Amino acid sequence: MSVTPAQEELSHSGLPLCEAVVNLAGENVLNPFRRWNDDFCREVVSSRVETTKALAKAIGAAEQPPRAWVLVTGVGFYRPSPTAEYTEDSAGGDFDFFSRLVSSWEAAALIPESPTRGVVVRSGVVLGRDGGAISQMLLPFRLGLGGPMGSGLQPFPWIHIQDLAGIVCHALETESVRGVLNGVAPSSPGTSNGTFAQELAAALGRPALLPVPAWAVRALFGAERAAMLLEGQRVLPKRTLESGYRFIFPELPAALKDIVA
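Analysis parameters
- Residues numbered from 1 in each chain as written.
- Predicted model: local features only at pLDDT ≥ 70, side-chain atom pairs only at ≥ 80, totals over all residues.
- Heavy atoms only, no water.
- Helix = DSSP H or I, 4+ residues; strand = E, 2+ residues; numbered from the N terminus.
- Rg over C-alpha atoms; globule rule 2.2 N^0.38 Å.
- Buried < 20%, exposed > 50% of the residue type's maximum accessible area, 1.4 Å probe, protein only.
- Areas by Shrake-Rupley, 256 points an atom, 1.4 Å probe, with all protein chains shown as cover.
- Salt bridge = Lys/Arg side-chain N within 4 Å of Asp/Glu carboxyl O.
- Pairing = 2+ DSSP bridges.
- Axes fitted to C-alpha atoms, helices over the stretch in contact; angles between N-to-C directions.

(A) Main features of the overall build of the chain. A count of helical and extended segments in the chain gives ten helices and eight strands. By the compact-globule yardstick of 18 Å for 261 residues, the chain fits well, its C-alpha radius of gyration being 19 Å. Counting only C-alpha atoms, the chain reaches 60 × 40 × 35 Å along its principal axes. Of all 261 residues assigned to the chain, the portion counted as buried reaches 48%. When the accessible surface of the chain is split by element, carbon and sulfur atoms take 56% of a total near 13000 Å².

(B) Inspection of the pattern of salt bridges at higher detail. In this structure the tally under the stated criterion is nine salt bridges. Across the salt bridge formed by Lys-53 and Glu-50, the nearest N and O atoms sit 3.8 Å from each other. In this pair, Lys-53 and Glu-50 both sit in helix 2 (residues 38-61), three residues apart, roughly one turn of the helix. Taking the shortest distance from any N to any O, the salt bridge between Asp-258 and Arg-129 comes out at 3.5 Å. Here Asp-258, found in helix 10 (residues 252-260), pairs with Arg-129, found in the loop between strand 5 (125-127) and helix 4 (132-142); they are 129 residues apart in sequence, far enough to count as distant. Where salt bridges share partners, they join Glu-19, Arg-67, Arg-117 and Glu-175 into one cluster.

(C) Summary view of the sheet that holds strand 7 (residues 179-183). Pairing in this open sheet of four strands is parallel, and the strands run 1-2-4-7 from one edge to the other. Every interior strand has two partners, whereas the edge strands, strand 1 (20-23) and strand 7, have only one. Strand-to-strand, the axes of this sheet are offset by a mean angle of 20°, without reference to chain direction. Taken together, the five bridges between strand 4 (residues 117-123) and strand 7 define a ladder with parallel strand orientation. In the sheet register, Arg-122 faces strand 7, and the bridge partner there is Asn-182.

Here it is in structure tokens:
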């Protein structure tokens, strides 16, 4: 595995004095300009697992460790299903490349006997104005060429970027929060890919009449990555809500109107 400059600096200089550490690092899995091959797989793993290991090691070795350590991973931990609903206590992490990646990623964050409070946020598809999933969808939808992927029936676990940032801040500031929080909107278990396409088109004042065939998604991304788009999970933010977090954008129409405004 190659060592990044940030990992090298942590190894030599240790962790700077700080109140908290948040890790959002990770190569974009759905980069359409990268072929899904062994080299890219290694980059995807290293950018997440090795970076997290380096941070966890630095936190564990710090003379004055931070009070909180937050890692953002993904709902790919849970097995795709059109009907099953998952909370933070649900099993997963052992059925395909991406679920095992999340397991390894989260395991790398563990710091035995550390006074630092650890939180993992398993994020859904992040919706925001700059970058992320929306940036690749806006042009075809603005042209009236958007539509669902595959059948459109697959669950679409989503979260507005302001809420993902809000959950991270909530985790940092709330001393009682530990362990896993699901970073998905409360209404996302009822959102399908087709519903998302219809709501995005409505927010733009355009139709959503042209579905993207499953074969085209597989041709572009490869079968393993395409499954992330053609399948999905119904994920509930049970512990997130119980911890006291209040969502800014719990419903999809308002979230999309904010983003495309």
